[in-house]
Amino acid sequence: MIDLRVLRDAPELAREAQRRRGASPELVDQILAADEARRSAIAAFEELRAEQKALGKHVARAQGEDRQELLRRTRELATQVKRAETTQAAAAADVNSVLRQLPNLASPQAPAGGEDDYVVLEHVGSPRNFNAEGFEPLDHVELGKRLQAIDIERGAKVSGARFYYLTGVGALLELALIQLAIERAQAAGFTPMIPPALVKPRAMEGTGFLGQAAADVYHLPDDDLYLVGTSEVPLAAYHSDEILDASSLPRRYAAVSPCYRREAGSYGKDTRGIFRVHWFDKVEMFTYTTVEESYAEHERLLQWEKDWLTMLELPFRVIDTAAGDLGLSAVRKFDCEAWIPTQGKYRELTSTSNCTDFQARRLNIRSRFADGAKHVATLNGTLMATARTIVALLENHQQADGTVAVPEPLQPYLHGRKTLDPVE
RNA sequence: GGAGGUGUCGCCUAGCCCGGUUUAUGGCGCCCGCCUGCUAAGCGGGUUGAGGGUAAUCCCCUCUCGCGGGUUCAAAUCCCGCCACCUCCGCCA
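Residues numbered from 1 in each chain as written. Chains lettered and ligands numbered in written order. Predicted model: local features only at pLDDT ≥ 70, side-chain atom pairs only at ≥ 80, totals over all residues. Heavy atoms only, no water.

## A closer look at helix α11 (residues 291-311)
And then number 1: When the terminal C-alpha atoms of α11 are compared, their 30 Å separation across 21 residues agrees well with the 30 Å that a helix rising 1.5 Å per residue should span.
And then number 2: Along α11, the residues classified as buried are S294, E297, H298, L301, L302, E305, K306, W308, L309 and M311.
And then number 3: Positive phi shows up at E313, right after α11, with a value of about 60°. (Helix = DSSP H or I, 4+ residues; strand = E, 2+ residues; numbered from the N terminus. Expected span 1.5 Å × (residues − 1). Buried < 20%, exposed > 50% of the residue type's maximum accessible area, 1.4 Å probe, protein only.)

See below:
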């Protein structure tokens, strides 16, 4: 949610941000008109209410005929006050409903345009040349079968398309990755968390996932609960309606949680394997800080993501996502895309967004500073999303003899195993 | 799932039975000042948040006692619904 005062003071800034996203600048003017109506409704109500309160005090003291006369006046006033209050509440709800549709103001640094208008910031490492090594790389589905690490057929049998079982060494690999990721995060100052994966509408709405992304969210109508697509949701809502001690900022949390995504609208895409699935587990970084500090924190989150992929010896590139591809809450987003040999492409493994005070405004999260209470900034970043990380690891580290090399930092978490071996 | 209890401005707390001088009391903490060899103590003042009038850190007004309704001229206070927590019972990994 954007500060109404910002919109009033600099509407052109907001219109421009909308254009960069390829979204409607007229929405800004709709909001301003609704705000105008709201303010005049408030003024009308408050004037009547003040009069009512003043007369009410006289009633308390008045006697006899004076009292009867006053009561006649106040009774009439009461119906007027009630009506004005209803009008005012409706006007406020109007503003709220249009204001909530407005996404965060895309950063001027974010490239304008849509999904394909990203800017590549850098490459780290380089893809292996399997030809030169004299063998054809297998994809993760085949590797997963040979290692008996991934069972896709039975995933589909039990739960349907885009589900899978991690089995044997595959299950151990996920646990090892989670363990390593959490330890790295803790070393970087993050508090480890295991949050609930089911949340109330407020948390979903507050993080911006019930807007354009609503179709991708699982909902349990009997209980009016949502399955989270990322632990960003319970981590952001964690401090909702709180005033955080300024000296406690930045607060950094790293959560491990399952993530559920309907993948609506991605029907033909990535149907093979476990690259795009309805459920996966993830270690997510989340920071509460000041808006001023958020830009530097965003760079730090990106750096931790890069360090992680580098540690796993995965070749990757970093892109600066275009404004039109930002989530509702974000002003800027960086993705780390790892090289997937059998796809011959870089694919998103991690993503970090700066939401400035957009989510904090919706979730009412503030901090007290010298110049008063202000909304904090929230940022999120993937540290490790299991399914995709496993895809990248298997494919990039496979060897001619059919084994998969385990990156050294991960070995202690796999009982010292240096390779994952095919099961005969 | 059932019964009972609790929910007040950072924390604790008074007020609720019996609606109106409540501008929600007091303490702790915090901030400013005074006093003071230093520290502590003491003294005085300030301290919920949001919104509107305003360009405004002055001032005025409205809202805010878990949330939402209702009754009333008037609701922290009375009534209804909901939520959370606590105690007990039931069920359960």
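Picking up where we left off.
## Regarding the pattern of salt bridges
And then number 1: Here the structure, examined in full by the defined rule, presents 28 salt bridges.
And then number 2: Residue R362 is joined to E205 by a salt bridge in which the shortest nitrogen-to-oxygen separation is 3.4 Å. Highlighted residues: R362 in helix α12 (residues 358-363) and E205 in helix α9 (residues 201-206), separated in sequence by 157 residues.
And then number 3: The class of R362 is buried, set by a relative accessible area of 6%.
And then number 4: The residue K282 makes a salt bridge to E284 at a minimum N-O spacing of 2.6 Å. The pair K282 / E284 is uniform in exposure class, with both members buried.
And then number 5: Residues participating in the shared-partner salt-bridge network are E12, R15, E16, R19 and D29. (Salt bridge = Lys/Arg side-chain N within 4 Å of Asp/Glu carboxyl O.)

## Here we look at the protein's contact with RNA strand B
And then number 1: Near RNA strand B there are 23 residues, and of these R8, R38, R49, R75 and R368 occur at the shortest range.
And then number 2: Backbone sugar and phosphate groups make up 70% of those atoms of RNA strand B lying within 4 Å of the protein.
And then number 3: The separation between a phosphate oxygen of RNA strand B and a polar side-chain atom of R8 is 2.8 Å.
And then number 4: R38 places a side-chain nitrogen or oxygen 2.9 Å from a sugar or linking oxygen of RNA strand B.
And then number 5: Residue classes in the surface near RNA strand B are distributed as eight nonpolar, three polar and twelve charged. (Near = heavy atom within 4 Å. Polar contact = N/O pair within 3.5 Å; in protein donor to acceptor, adjacent residues only side chain to side chain. Nonpolar A, V, L, I, M, F, W, Y, C, P; charged D, E, K, R; others polar.)

## A few points about the sheet that holds strand β6 (residues 218-220)
Each strand in a sheet pairs with another by means of backbone hydrogen bonds, the pair being arranged parallel or else antiparallel.
And then number 1: Reading across from one edge, β5-β7-β6 is the order of the three strands in this open sheet, with antiparallel pairing throughout. Sheet topology places β5 (198-199) and β6 at the edges, where each strand pairs with a single neighbour.
And then number 2: Where β6 and strand β7 (residues 225-227) come together, three bridges link them in antiparallel fashion. Note on β7: the bridge partner recorded for H219 is Y226. (Pairing = 2+ DSSP bridges.)

## A closer look at the packing of helix α8 (residues 169-187) against α11
And then number 1: At their nearest, the axes of α8 and α11 sit 12 Å apart, and the two run at 140° to each other. Viewed along their axes, α8 and α11 adopt a mutual orientation that is oblique. Remark: the crossing between α8 and α11 carries right-handed chirality. Along its contact with α8, which presents L177, L180, A181 and R184, the element α11 presents D307, W308 and M311.
And then number 2: Class assignment for the residues of the contact of α8 with α11 results in five nonpolar, no polar and two charged. (Axes fitted to C-alpha atoms, helices over the stretch in contact; angles between N-to-C directions. Parallel < 35°, antiparallel > 145°, perpendicular 65-115°, else oblique. Left-handed = near helix turned anticlockwise from the far one by under 90°. Contact = heavy atoms within 4.5 Å.)

## Remarks on the environment of G144
And then number 1: Relative to the assigned elements, G144 resides in helix α6 (residues 140-146).
And then number 2: Residue G144 is classed as buried on the basis of its relative accessible area, which comes to 0%.
And then number 3: Between the C-alpha atom of G144 and that of T167, which follows or precedes it by 23 residues, the distance is 9.2 Å.

## Comments concerning α8
And then number 1: Between its first and last C-alpha, α8 extends 26 Å over 19 residues, near the 27 Å set by a 1.5 Å rise per residue.
And then number 2: Along α8, the residues that are buried comprise V169, G170, L173, E174, A176, L177, I178, L180, A181, I182 and A185.
And then number 3: Of the residues flanking the end of α8, it is G189, one or two places downstream, whose phi is positive at about 100°.

## So, the nonpolar core
Considering soluble globular proteins, one finds that nonpolar side chains tend to be buried as a cluster.
And then number 1: Judged by nonpolar contacts, the single largest core of 55 residues is most densely connected at Y164, L173, L177, W308, L394, L410 and L420.
And then number 2: Of all the secondary structure elements, the ones that give two or more residues to this core are α8, β9 (251-260), β10 (279-289), α11, β11 (316-320), β12 (332-340), β16 (377-385) and α13 (386-396).
And then number 3: A14, L32, A34 and L99 belong to the second largest nonpolar core, which has 18 residues in total. (Core = buried A, V, L, I, M, F, W, Y, C linked by side-chain atoms within 4.5 Å.)

## Here we look at unusual backbone geometry
And then number 1: Here L249 and P250 are connected by a cis peptide whose omega angle stands at -5°.
And then number 2: Within the secondary structure layout, P250 lies in the loop between β8 (242-245) and β9.
And then number 3: Its identity as a non-glycine residue notwithstanding, R162 has a phi of 70°, on the positive side.
And then number 4: Note that R162 resides in the loop between α7 (152-159) and β3 (165-166).
And then number 5: With phi around 50°, D224 is a residue other than glycine that occupies positive phi space.

## Description of the domain arrangement of chain A
And then number 1: Its domain assignment divides chain A into domain 1 (4-99) and domain 2 (119-420).
And then number 2: Computed over C-alpha atoms, the centres of domain 1 and domain 2 are 44 Å apart. (Domains from an automatic or database assignment.)

## Observations regarding the sheet that holds β12
And then number 1: Strand order in the open sheet formed by eight strands is β1-β11-β12-β13-β16-β10-β9-β4, with mixed pairing between adjacent strands. Edge positions in the sheet fall to β1 (119-124) and β4 (191-193), since each has one partner strand and no second. If you compare each strand with its neighbour and ignore which way they point, the axes differ by 25° on average.
And then number 2: Relative to strand β13 (residues 345-354), β12 runs antiparallel, the two sharing nine bridges. Of the residues in β13, the one forming a bridge with I340 is K345.
And then number 3: Helix-sheet contacts for α11 involve β1, β9, β10, β11, β12, β13 and β16, and the interaxial angle to β16 is about 5°.

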